[in-house]
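Coordinate analysis (summary)
Residue-level listing of the chains:
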Amino acid sequence: MLNEDALHIKNLGYCYKRAAQPVIRQLDLVVKEGSRFGLFGPNGAGKTTLMSLMTGLLPYPQGSIRLFGKEIKENSSFVKSTIGFVPQDFSFYEELTPAENLEFFGAWYGLNSRQISDATTTLLKVMGLQHVAGKPLKEFSGGMKRRVNLAIGVMNNPRILFLDEPTVGVDVQSRNAIIGYLKEINRNGTTLVYTSHQLKEAEDLCTEVALMDGGSIISQGTLDELKQQHRQEGLEGLFLQLTGRDYRD
Ligand SMILES: Nc1ncnc2c1ncn2[C@@H]1O[C@H](COP(=O)(O)OP(=O)(O)OP(=O)(O)O)[C@@H](O)[C@H]1O
């Protein structure tokens, strides 16, 4: 159902072990189902940490994260069947072929052999990987590896897909293919939660944005709303106005 909250985060806090200060502080965030949501902020703002919390990879001692109304730490099998995750670091086996990787991750998601075989055929075609389906990933270019990383993240046809810098280091062709595919699955109902430093790409992809700094959300709305509110023509100007020009790391 559109307009339901896909994600509802309240008063979230997180501190890494032995770190002097929390990385996520009293963070509130709502993502509506069906949106293409972009999360932006300087290096070290806490985006990857927040992704890890939202996908259940890190436990959260403080606050609440509800995924389609369910608290994620109490509903791990619901989370596994509902989300897809495309992490910033490649999350596959370099010695295996794309088809073998998809088979492995499909089984991990709990898909049956027919579902795995159908998803593999479709995704190899969509990602333009049919001609290298039998080669190990260690022989692939960066763009091809990014496309495999994405294919793994969408194998279970997720209701919500989290993407942490999914196009870093890719050429224009791969970028176009990846962004085009993300728009297509969003039209078919998948909510997207995406982070990137590619702000032009983000303007094209995202319907809603949030800016993050120092572990909190400092501004959230549709891109048009925020541009108007802060009298900026683009996301880059908005970003610099709200987060400043100093290095963070
Ligand atoms: N495993 C860890 N242990 C301790 N501190 C960490 C760990 N991972 C990240 N941090 C720290 O947490 C803060 C937020 O890091 P995080 O990677 O979430 O930021 P980010 O917004 O994703 O940055 P970037 O844009 O560079 O990817 C940084 O100060 C970082 O040094």
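Each value, and the rule that gives it
Residues numbered from 1 in each chain as written. Predicted model: local features only at pLDDT ≥ 70, side-chain atom pairs only at ≥ 80, totals over all residues. Heavy atoms only, no water. Buried < 20%, exposed > 50% of the residue type's maximum accessible area, 1.4 Å probe, protein only. Helix = DSSP H or I, 4+ residues; strand = E, 2+ residues; numbered from the N terminus. Pairing = 2+ DSSP bridges. Near = heavy atom within 4 Å. Polar contact = N/O pair within 3.5 Å; in protein donor to acceptor, adjacent residues only side chain to side chain. Areas by Shrake-Rupley, 256 points an atom, 1.4 Å probe, with all protein chains shown as cover. Salt bridge = Lys/Arg side-chain N within 4 Å of Asp/Glu carboxyl O. Core = buried A, V, L, I, M, F, W, Y, C linked by side-chain atoms within 4.5 Å. UniProt positions renumbered as here; feature names shortened; annotations may be inferred. Axes fitted to C-alpha atoms, helices over the stretch in contact; angles between N-to-C directions. Contact = heavy atoms within 4.5 Å.

The name given to the chain in an unreviewed UniProt entry is ABC-2 type transport system ATP-binding protein, with Niabella drilacis as the source organism.

Some remarks on the pairing of strand E6 (residues 83-86)
Burial of the side chains of E6 extends over both faces: Ile83 and Phe85 are buried on one face and Gly84 and Val86 on the other. As paired strands, E6 and strand E7 (residues 160-164) are joined by four bridges and run parallel to one another. Bridging from a neighbouring strand, glycine 84 pairs with leucine 161 of E7.

Some thoughts on the site of the ligand
Around the ligand lies a shell formed by Tyr16, Val23, Pro42, Asn43, Gly44, Ala45, Gly46, Lys47, Thr48, Thr49, Glu165 and His197. A distance of 2.8 Å separates an oxygen atom of the ligand from a polar side-chain atom of lysine 47. Summarising the interface, the protein chains cover 58% of the accessible area of the ligand, which totals 640 Å² for the free molecule.

Quick look at the pattern of salt bridges
Any two side chains of opposite charge can pair if their charged atoms end up close together. Per the stated rule, a full pass over the model turns up eleven salt bridges. Across the salt bridge formed by lysine 138 and glutamate 95, the nearest N and O atoms sit 3.1 Å from each other. Of this pair, lysine 138 sits in the loop between helix H4 (113-126) and helix H5 (142-153) while glutamate 95 sits in the loop between E6 and helix H3 (98-109), and the two are 43 residues apart along the sequence. What makes lysine 138 partly exposed here is its relative accessible area of 45%. For glutamate 95, a relative accessible area of 58% puts it in the exposed group. What emerges from the salt-bridge pattern is a single network uniting Glu4, Glu33 and Arg159.

Side note on the nonpolar core
Ranked by internal contacts, the top residues of the largest apolar core, which has 43 residues, are Phe40, Leu150, Leu161 and Leu182. With 32 residues, the next largest nonpolar core counts Ile9, Tyr60, Ile160 and Phe162 among its residues.

Description of the UniProt feature "domain: ABC transporter" (unreviewed entry) in the chain
The positions that UniProt labels "domain: ABC transporter" (unreviewed entry) are, in the present scheme, residues 7-239. Annotated as 38% helix and 24% strand, the span residues 7-239 places its first and last C-alpha atoms 23 Å apart.

Topic: the sheet that holds strand E9 (residues 208-213)
Pairing is mixed across the open sheet formed by six strands, whose spatial order is E6-E7-E8-E3-E9-E10. Only two strands of the sheet have a single neighbouring strand rather than two, namely E6 and strand E10 (216-222). Looking at each pair of strands side by side, their axes are set apart by 15° on average, direction ignored. As defined by bridge partners, strand E3 (residues 36-40) adjoins strand E8 (residues 191-195) across four bridges and the pair is classed as parallel. In the strand pairing of E8, glycine 38 is matched with tyrosine 194. Each of E3, E7 and E8 is contacted by helix H6 (residues 172-187), which is oriented at about 150° to E8, the strand it contacts most.

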